[in-house]
Amino acid sequence: MDIGEIVSDAVKFPSSDWKKVIILGIFFLLTFVIIGIFFVSGYFLRIIKSTLAGYDELPEFDEWGDMFIDGLKVFVVSLVYMIIPMIVIFIGVFASITSLAVTSTGTYTDPWAFIGLMSGTVIIGAILALIFGLIAYIAIANMALYDEIGAAFKFSEILERIKMIGWGKYILWYIVMIIIGVVGGFIASLLNIIPFIGMIIALLVIYPYLQMIYARSLALIFASSEEGQEPV
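About the cut-offs
- Residues numbered from 1 in each chain as written.
- Predicted model: local features only at pLDDT ≥ 70, side-chain atom pairs only at ≥ 80, totals over all residues.
- Heavy atoms only, no water.
- 1 Å grid on protein atoms, 1.4 Å probe; cavity = no way out; pocket = protein on both sides within 12 Å on 5 of 7 lines; lining within 4 Å.
- Points joined across faces, edges and corners; volume = space filled by probe spheres on them.
- Helix = DSSP H or I, 4+ residues; strand = E, 2+ residues; numbered from the N terminus.
- Nonpolar A, V, L, I, M, F, W, Y, C, P; charged D, E, K, R; others polar.
- Axes fitted to C-alpha atoms, helices over the stretch in contact; angles between N-to-C directions.
- Left-handed = near helix turned anticlockwise from the far one by under 90°.
- Contact = heavy atoms within 4.5 Å.
- Core = buried A, V, L, I, M, F, W, Y, C linked by side-chain atoms within 4.5 Å.
- Buried < 20%, exposed > 50% of the residue type's maximum accessible area, 1.4 Å probe, protein only.
- Expected span 1.5 Å × (residues − 1).
- Arc of directions from axis to C-beta.
- Polar contact = N/O pair within 3.5 Å; in protein donor to acceptor, adjacent residues only side chain to side chain.

Q: Honestly, the layout of surface pockets in this entry has me stumped. Any pointers?
A: Once rolled over the atoms, a probe with the size of a water molecule shows which space is left empty. Its boundaries defined by the atoms lining it, the largest pocket holds a volume of some 340 Å³. Taken together, the elements giving at least two residues each to the lining of the largest pocket come down to α3 (35-52), α4 (64-98), α5 (111-146) and α8 (197-223). Here the lining of the largest pocket is built from residues that sort into 12 nonpolar, 4 polar and no charged.

Q: Quick question: what am I supposed to make of the packing of α3 against α8 here?
A: Between two packed helices, the angle of one axis relative to the other and the distance separating the axes together describe the packing. Contact pair α3 / α8: the axes reach a minimum separation of 8 Å and the direction vectors enclose 35°. Judged by the sense of rotation from one axis to the other, the crossing of α3 with α8 is right-handed. On the side of α3, the interface is formed by Val-40, Tyr-43, Phe-44, Ile-47, Ile-48, Thr-51 and Leu-52, while α8 contributes Gln-211, Met-212, Tyr-214, Ala-215, Arg-216, Leu-218, Ala-219, Leu-220, Phe-222 and Ala-223. Taken together, the residues of the contact of α3 with α8 sort by class into 14 nonpolar, 2 polar and 1 charged.

Q: So what exactly am I meant to see when it comes to the nonpolar core here?
A: Core analysis: the largest hydrophobic core is formed by 57 residues, its most contacted members being Ile-48 and Trp-173. Only α1 (3-12), α2 (18-29), α3, α4, α5, α6 (155-165), α7 (167-191) and α8 provide two or more residues apiece to this core. Examining the composition of this core, we find that 14 residues originate from one element, α8, more than from any other. Apart from the residues within four sequence positions on either side, Trp-173 is in contact with Ile-3, Ile-6, Tyr-137, Tyr-214, Ser-217, Leu-218 and Ile-221.

Q: Would you mind showing me how to read α2 here?
A: Every α-helix carries 3.6 residues per turn, so stepping three or four residues along brings you back to the same face. Taking 1.5 Å per residue as the helical rise, α2 with its 12 residues ought to reach 16 Å, and the 16 Å between its terminal C-alpha atoms agrees with that figure. Every buried residue belonging to α2 is among Lys-20, Val-21, Leu-24, Gly-25, Phe-27 and Phe-28, and all of these are buried. Axial view of α2: buried residues confined to an arc of 155°, hence all on one face. The distance from a side-chain oxygen at the start of α2 to the backbone nitrogen of Lys-19 is 3.2 Å, and the residue carrying that oxygen is Asp-17.

Q: Help me understand unusual backbone geometry in this model?
A: Across residues other than glycine, the phi torsion is negative in most instances, and most of the peptide bonds are trans. The residue Glu-63 is not glycine, and still its phi comes out positive at about 45°. Tracing the chain through its elements places Glu-63 in the loop between α3 and α4. On the accessibility criterion, Glu-63 (52% relative accessible area) is exposed. The phi dihedral of Asp-147 is positive, around 55°, even though this residue is not glycine. Within the fold, Asp-147 resides in the loop between α5 and α6.

The structure is reproduced here in structure tokens:
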């Protein structure tokens with residue numbers, strides 16, 4: 001499948017069952033009490049698994065314990081892959097704050113050092129997050145394929161998967177997903193003009209719809225690594 005086919009399929013995918021979109025939206029509402037995050041991530045992984053297994057329908061909401069555990073796995077893998085960018089940003093923020101030591105006269109010693117360190121480390125951290133995010137997505141899909149968390153850290157296999165997809169194709173997919181996220185976020189921000197109700201609609205419809213698009217398209221781009229290849 002080319003990028004156009006993958007995106008077209010993924011965008012239409014959630015609309016096949018709006019009831020499940022709303023159910024996932026309820027879990028987005030529950031992210032305010034933390035527990036919902038793991039069910040959202042667990043369903044994300046379930047969509048990837050079902051797509052890789054050849055199913056074209058949204059999976060059921062059942063086996064809640066397994067979904068919760070899958071969500072924990074996604075959280076752990078995401079945290080491990082993002083820990084280096086987070087450390088870089090944390091060190092930069094800490095160094096920036098220390099550069100703002102106050103003198104006896106009540107003035108800051110070096111405000112320009114603060115600005116330089118803060119902006120520089122945030123940019124570096126953001127670039128690292130994008131790079132590690134590229135690897136993390138395929139790592140999560142690899143975990144879904146093997147149904148074991150260790151598969152998310154088979155780095156040589158993950159890089160080989162990306163090579164089989166094609167780095168250009170994969171990066172293009174990544175950029176398109178970012179654009180879709182920005183558009184979805186813009187729509188959600190417009191809804192927020194309506195106090196409270198707008199936010200509820202965004203959480204019940206927009207964000208779960210986006211989550212389903214991401215999961216479906218990730219599974220399809222991952223599966224495209226096997227097109228014309230021998231089964232792994």
